[in-house]
Amino acid sequence: MNYRPLGRTGWRVSDISFGAWAIGGAWGDVSEKDALAALHQAVDSGVNFIDTADVYGDGRSERLIAQLRKECKEEIIIATKAGRRLPRQTVEGYSRENLTRWIEDSLRNLSTGTLDLLQLHCPPTELYYHPEVFANLDDLVKAGKIRYYGVSVEKVEEALKAIEFPNVQSVQIIFNCFRQRPADLFFAQARQKQVVILARVPLASGLLTGKLRSDSTFVANDHRNFNRHGEAFDVGETFSGVDYKLGLEAVEEIRRLLPTGVSMSQFALRWILMFDAVTCAIPGGKRPEQVDENCRASDLPALTAETMVGVQRIYDQSIRPLIHQRW
Ligand SMILES: NC(=O)c1ccc[n+]([C@@H]2O[C@H](COP(=O)([O-])OP(=O)(O)OC[C@H]3O[C@@H](n4cnc5c(N)ncnc54)[C@H](OP(=O)(O)O)[C@@H]3O)[C@@H](O)[C@H]2O)c1
């Protein structure tokens, strides 16, 4: 496992880290036994950074991570999120009172006195025009409730606006072979300011693992069943917003570029790590075998320039015209 600086925090984190949404909820049922085994596998593979949120399984994901922390001696840095408990996303909802209450809940779930990194959970674009929200976060840092704060965003424009606030340490954004726009302008600016970039949905919700087929089915409580058209939350969070059939076709084209002995999932993750501005990818994993396979991407040799051009060509031809400007 390789490690990269976590922005200006002084910490170094595994370049393949762990996304803990699926072990919380909205991805079908994952048993507590499987979830803990996946988390332990991550730590055994060298992962020292986990992304979660208060709403993943209504605190279940955070509580499982607290359990992991009790069961292992390694230092693990936890990034959680707040804001999705609101019935409707409004700027007013991100008030000092609400933020304080959500943070207290996360502190309890994570059995800790201070949150390592708190991210606003895809707030409305308008929030970035309200500096008082960031002033409140500064106060929560001073009060010792959170060490650092950052944001999780849907759009590149939000990411660019967020890093105008000097104490925003991190930006979490969808970045993968099917979602390349963040690399255009945002990466250079974030790098200049030493802002952490967390590449989320790195496997395009499983599409980029190469295991899905046109007749694959998903259980009722899996967002790949209930959010395919953005029925419950932003459609970009499900298969990266790429049409399922078109995505499958593009995966078959990418498969032709795979170096010998490298799986599709590993290739997709190694592609992300080719971008120096990225701090880490945070793939989700429900079972230890998935986590083990994903973590091995860290130690793979760099992809060749020819391979990178190949992925670019597939993106430009099949994906860019449909989604590039949307997020
Ligand atoms: N708004 C936000 O802030 C936001 C939104 C989305 C995600 N996130 C964060 O980003 C993390 C990653 O994104 P994600 O979980 O949505 O999607 P992802 O990482 O692209 O896909 C994860 C899913 O792919 C499958 N998988 C993983 N590794 C595999 C392997 N080696 N072989 C086969 N299948 C494999 C698993 O599901 P199956 O086995 O069921 O296929 C797994 O749950 C989340 O966990 C969360 O921490 C944040």
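See the structure printed just above.
As a starting point, this report considers the structure included with it.

Regarding the sheet that holds strand S10 (residues 280–281)
Consideration 1: The parallel open sheet is built from eight strands, whose spatial order is S3-S4-S5-S6-S7-S8-S9-S10. Two strands bound the open sheet, and with one partner strand each, they are strand S3 (18–19) and S10.
Consideration 2: As paired elements, strand S9 (residues 196–200) and S10 share two bridges and run parallel to each other. Each residue of the ladder has a partner; that of Ala 199, found in S10, is Ala 281.
Consideration 3: Packed onto the sheet, helix H4 (residues 131–142) meets strand S6 (115–121), strand S7 (146–152) and strand S8 (168–174) and runs at close to 150 degrees relative to S7.

Some remarks on the pattern of salt bridges
Consideration 1: Counting across every chain of the model gives 20 salt bridges.
Consideration 2: A salt bridge links Arg 200 to Glu 154, with the nearest nitrogen and oxygen atoms 3.4 Å apart. Taken together, the residues Arg 200 in strand S9 and Glu 154 in the loop between S7 and helix H5 (156–162) connect sequence positions 46 residues apart.
Consideration 3: Because the salt bridges share partners, they merge into one network encompassing Asp 54, Asp 58 and Arg 85.

Some words on unusual backbone geometry
Consideration 1: A positive phi angle, near 50 degrees, is found at Val 201, a position not held by glycine.
Consideration 2: Accessibility expressed as a relative area gives 15% for Val 201, which makes it buried.
Consideration 3: Its identity as a non-glycine residue notwithstanding, Ala 204 has a phi of 50 degrees, on the positive side.
Consideration 4: Tracing the backbone through its elements, the reader meets Ala 204 in the loop between S9 and helix H7 (223–226).

Some words on the site of the ligand
Consideration 1: Taken together, 31 residues are adjacent to the ligand, and Asp 51, Ser 152, Lys 211, Arg 224 and Lys 286 come closest.
Consideration 2: The separation between an oxygen atom of the ligand and a polar side-chain atom of Ser 152 is 2.7 Å.
Consideration 3: Between an oxygen atom of the ligand and a main-chain N or O atom of Gly 284, the distance comes to 2.9 Å.
Consideration 4: Protein contacts shield 95% of the accessible area of the ligand, which totals 890 Å² for the unbound molecule.
Consideration 5: Element by element, the count of residues in the shell around the ligand is highest for helix H10 (residues 288–295), at three residues.
Consideration 6: Split into classes, the residues belonging to the shell around the ligand amount to 12 nonpolar, 11 polar and eight charged.

Section: helix H8 (residues 244–255)
Consideration 1: With 12 residues, H8 should cover 16 Å at 1.5 Å per step; its first-to-last C-alpha distance of 16 Å lies within 8% of that length.
Consideration 2: Considered for burial, the residues of H8 that qualify are Tyr 244, Gly 247, Leu 248, Ala 250, Val 251 and Ile 254. One side of H8 holds all its buried residues, which, seen down the axis, span an arc of 165 degrees.

Brief notes about the nonpolar core
Consideration 1: Membership of the largest hydrophobic core comes to 96 residues, with the highest contact counts inside it found for Phe 18, Phe 134, Phe 178 and Phe 186.
Consideration 2: A total of seven residues in this core trace back to one element, the largest contributor, which is helix H9 (residues 264–273).
Consideration 3: In this view, Phe 18 contacts Ile 23, Ala 38, Leu 39, Ala 42, Val 47, Phe 49, Ile 50, Asp 51, Ile 282, Pro 283, Gly 285 and Val 291; residues no more than four positions away in its chain are not counted.
Consideration 4: In this structure, Ala 79, Leu 117, Leu 198 and Cys 280 belong to the second largest nonpolar core, which totals 11 residues.

Section: the pairing of S9
Consideration 1: The buried fraction of S9 is high, at five of five residues.
Consideration 2: Every second residue of S9 is oriented toward a common face, with Val 196, Leu 198 and Arg 200 on one face and Ile 197 and Ala 199 on the other, all of them buried.
Consideration 3: Where S8 lies against S9, five bridges are found, and the strand directions are parallel. Counterpart to Gln 172 in the pairing with S9 is Leu 198.
Consideration 4: Where the polypeptide runs from S8 across helix H6 (residues 186–192) and back to S9, its parallel neighbour, the crossover connection is right-handed.

How each quantity is defined
Residues numbered from 1 in each chain as written. Predicted model: local features only at pLDDT ≥ 70, side-chain atom pairs only at ≥ 80, totals over all residues. Heavy atoms only, no water. Pairing = 2+ DSSP bridges. Helix = DSSP H or I, 4+ residues; strand = E, 2+ residues; numbered from the N terminus. Contact = heavy atoms within 4.5 Å. Axes fitted to C-alpha atoms, helices over the stretch in contact; angles between N-to-C directions. Salt bridge = Lys/Arg side-chain N within 4 Å of Asp/Glu carboxyl O. Buried < 20%, exposed > 50% of the residue type's maximum accessible area, 1.4 Å probe, protein only. Near = heavy atom within 4 Å. Polar contact = N/O pair within 3.5 Å; in protein donor to acceptor, adjacent residues only side chain to side chain. Areas by Shrake-Rupley, 256 points an atom, 1.4 Å probe, with all protein chains shown as cover. Nonpolar A, V, L, I, M, F, W, Y, C, P; charged D, E, K, R; others polar. Expected span 1.5 Å × (residues − 1). Arc of directions from axis to C-beta. Core = buried A, V, L, I, M, F, W, Y, C linked by side-chain atoms within 4.5 Å. Right-handed = clockwise from strand over helix to strand, strands pointing away.

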